[in-house]
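Each chain, written out:
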Amino acid sequence: MKRIIRAGIAISMMALLLASDVSARAVGWEEIFFNANRAYRQGRYQEAIDGYQRLIRSGHRSGDIYYNLGNAWFRMHRLGRAILNYERARILMPRDADLNFNLHYALDKTQDAIPETRGLVSTTFFWLNSFSLGELFWAFAIVNLIFWAILLIRLFLKTEWTYYLSVAFLILWLIAGLSLGLKGYDMATDDRAVILNPEADILAGPDAGDTILFKLHEGAIVHYERSEDGWSLIHLS
C-alpha cells in the first residue's frame, strides 16, 4: 500500500549515515563519550544527546553510542528518535539483550501497530538478523581460509576423511557466502524509516487538498521510497 506522507513531516531512515566532524577527533572521542555518559547519569539528557551525536558525526558509529543515544531520547519522551537509534544500534549489535528489551519496550508504547511481514529469504536464512555484517564477514573469511587449506591438503593427502571434510566445508562455504551477500544486500536496500513527528497525516496524493486517509504517530515504522517537492512517498507492510 503506497501513500503520500504530508509535506514537512519528519521521517528518518534507519540506515547508518556517514558524516564528518573534525572537532570531535581533535578533542578525543573517549572524553566526549565519558562526558556524555556522565551527563546522562546526572539527568542532563539533552547534553548527553549532543555529545553522542557529535561522536556519530565524527565517524564513531558504534552500537553502544547509538544505544545510549536511544536511551537519552527515550528519557526526553521522543519515542521516534529513540526507536530510530535503537534500530541503528541493532544493526551493529543485534544480539544485545538490553538493547532488544528496550527496543521492544519502546515499540510497545507506539500508537500504531504495524506488523512487519517476512519474505521467503528472511524466513529461509532466519539467522541473518542475529548477526551483524561484520560478524558474517569474518565468519566467511575463516570458513574460506579453512576450505582452501583443506583443498591444498587434498593435493597431497587423498584420503576418505579429507574428502568428506572438503565436502562439509564446501557446504559451509556456500552458506556463509550466501549469508554475507544477502546481509549486505539487505543493508544496502534497507528502506525502513521512522515517523519522528507526534502525528502525521497520510494523504492520497502529493497535494495539501488531497484526502487524509489516516494518521500515523511518532515511532511508527514505514518504508520510504522517495521524496519530491517536499513530499515523501511511503508504503506500509
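These numbers were taken from a predicted model, which means no experiment stands behind them. (Residues numbered from 1 in each chain as written. Predicted model: local features only at pLDDT ≥ 70, side-chain atom pairs only at ≥ 80, totals over all residues. Heavy atoms only, no water.)

A word on the nonpolar core
Here's step 1: Ile83 and Tyr86 are the most contacted members of the largest nonpolar core, which totals 27 residues.
Here's step 2: For this core, the secondary structure elements donating two or more residues are α2 (29-41), α3 (45-57), α4 (63-75), α5 (79-92) and α6 (97-108).
Here's step 3: Those residues in contact with Tyr86, other than ones at most four positions away along the chain, are Tyr67, Gly70, Asn71, Phe74, Leu99, Asn102, Leu103 and Ala106. (Core = buried A, V, L, I, M, F, W, Y, C linked by side-chain atoms within 4.5 Å. Buried < 20%, exposed > 50% of the residue type's maximum accessible area, 1.4 Å probe, protein only. Helix = DSSP H or I, 4+ residues; strand = E, 2+ residues; numbered from the N terminus. Contact = heavy atoms within 4.5 Å.)

Quick notes on the pairing of strand β4 (residues 199-203)
Here's step 1: With four of five residues buried, β4 lies mostly within the body of the structure.
Here's step 2: Judged from the five bridges that link them, β4 and strand β5 (residues 212-217) form a sheet pairing that is antiparallel. Of the residues in β5, the one forming a bridge with Leu203 is Ile212. (Pairing = 2+ DSSP bridges.)

Some words on the packing of aromatic side chains
What describes a pair of aromatic rings is the distance from one ring centre to the other and the angle between the planes of the rings.
Here's step 1: Enumeration over the complete set of coordinates arrives at 13 aromatic pairs.
Here's step 2: Judged by centre distance (6.4 Å) and plane angle (45 degrees), the ring pair of Trp29 and Phe33 falls under tilted. Separated by four residues within a single helix, Trp29 and Phe33 lie in helix α2, roughly one turn from each other.
Here's step 3: An aromatic cluster of at least three residues, connected via ring pairs, comprises Phe140, Phe147, Trp148 and Trp173.
Here's step 4: A cation sits over an aromatic face here: Arg81 above Trp73, 5.3 Å from the ring centre. (Phe/Tyr/Trp six-rings, centres within 6.5 Å; stacked < 30°, edge-to-face > 60°. Lys NZ or Arg CZ within 6 Å of the ring centre and 35° of its normal.)

Looking at α6
Think of an α-helix as 3.6 residues a turn; residues three or four steps apart then line up on the same face.
Here's step 1: In this model, α6 (12 residues) spans 17 Å end to end at C-alpha, consistent with the 16 Å of a helix rising 1.5 Å per residue.
Here's step 2: Here α6 has its buried residues at Leu99, Asn100, Asn102, Leu103 and Ala106. For α6, the buried positions fall inside an angular range of 165 degrees around the axis, keeping them on one side. Of the residues in α6, the exposed ones pointing more than 90 degrees away from the buried face are Ala97, Asp98, Phe101 and Asp108.
Here's step 3: Buried residues along α6 sit against α4 and α5.
Here's step 4: The opening residue of α6, the one whose side-chain oxygen lies 3.2 Å from the backbone nitrogen of Asp98, is Asp96. (Expected span 1.5 Å × (residues − 1). Arc of directions from axis to C-beta. Polar contact = N/O pair within 3.5 Å; in protein donor to acceptor, adjacent residues only side chain to side chain.)

Observations regarding the pattern of salt bridges
Here's step 1: Scanning all chains against the criterion turns up eight salt bridges.
Here's step 2: With a closest N to O distance of 3.3 Å, Glu87 and Arg192 form a salt bridge. Pair noted here: Glu87 is in helix α5 and Arg192 is in strand β3 (residues 192-195), with a separation of 105 residues, a long-range link.
Here's step 3: With relative accessibility at 4%, the residue Glu87 sits in the buried group.
Here's step 4: With relative accessibility at 17%, the residue Arg192 sits in the buried group.
Here's step 5: Each member of the salt-bridge network shares a partner with another, and the members are Glu87, Arg90, Asp190 and Arg192. (Salt bridge = Lys/Arg side-chain N within 4 Å of Asp/Glu carboxyl O.)

With respect to the packing of α2 against α3
Here's step 1: Packing of α2 against α3 leaves a shortest axis separation of 7 Å and a crossing angle of 155 degrees. The angle between α2 and α3 falls in the class roughly antiparallel. Remark: the crossing between α2 and α3 carries left-handed chirality. Where α2 abuts α3, its residues Trp29, Ile32, Phe33, Ala36, Asn37, Ala39 and Tyr40 lie against Tyr45, Glu47, Ala48, Gly51, Tyr52, Arg54 and Leu55.
Here's step 2: Across the contact of α2 with α3, the residue classes tally to 10 nonpolar, two polar and two charged. (Axes fitted to C-alpha atoms, helices over the stretch in contact; angles between N-to-C directions. Parallel < 35°, antiparallel > 145°, perpendicular 65-115°, else oblique. Left-handed = near helix turned anticlockwise from the far one by under 90°. Nonpolar A, V, L, I, M, F, W, Y, C, P; charged D, E, K, R; others polar.)

Some thoughts on the side chain of Asn100
Here's step 1: With respect to the helices, strands and loops of the structure, Asn100 is situated in helix α6.
Here's step 2: At 3.1 Å, the side chain of Asn100 and the backbone oxygen of Pro94 are in polar contact.
Here's step 3: When neighbours within four sequence positions are excluded, Asn100 is seen to be in contact with Arg90, Pro94 and Arg95.

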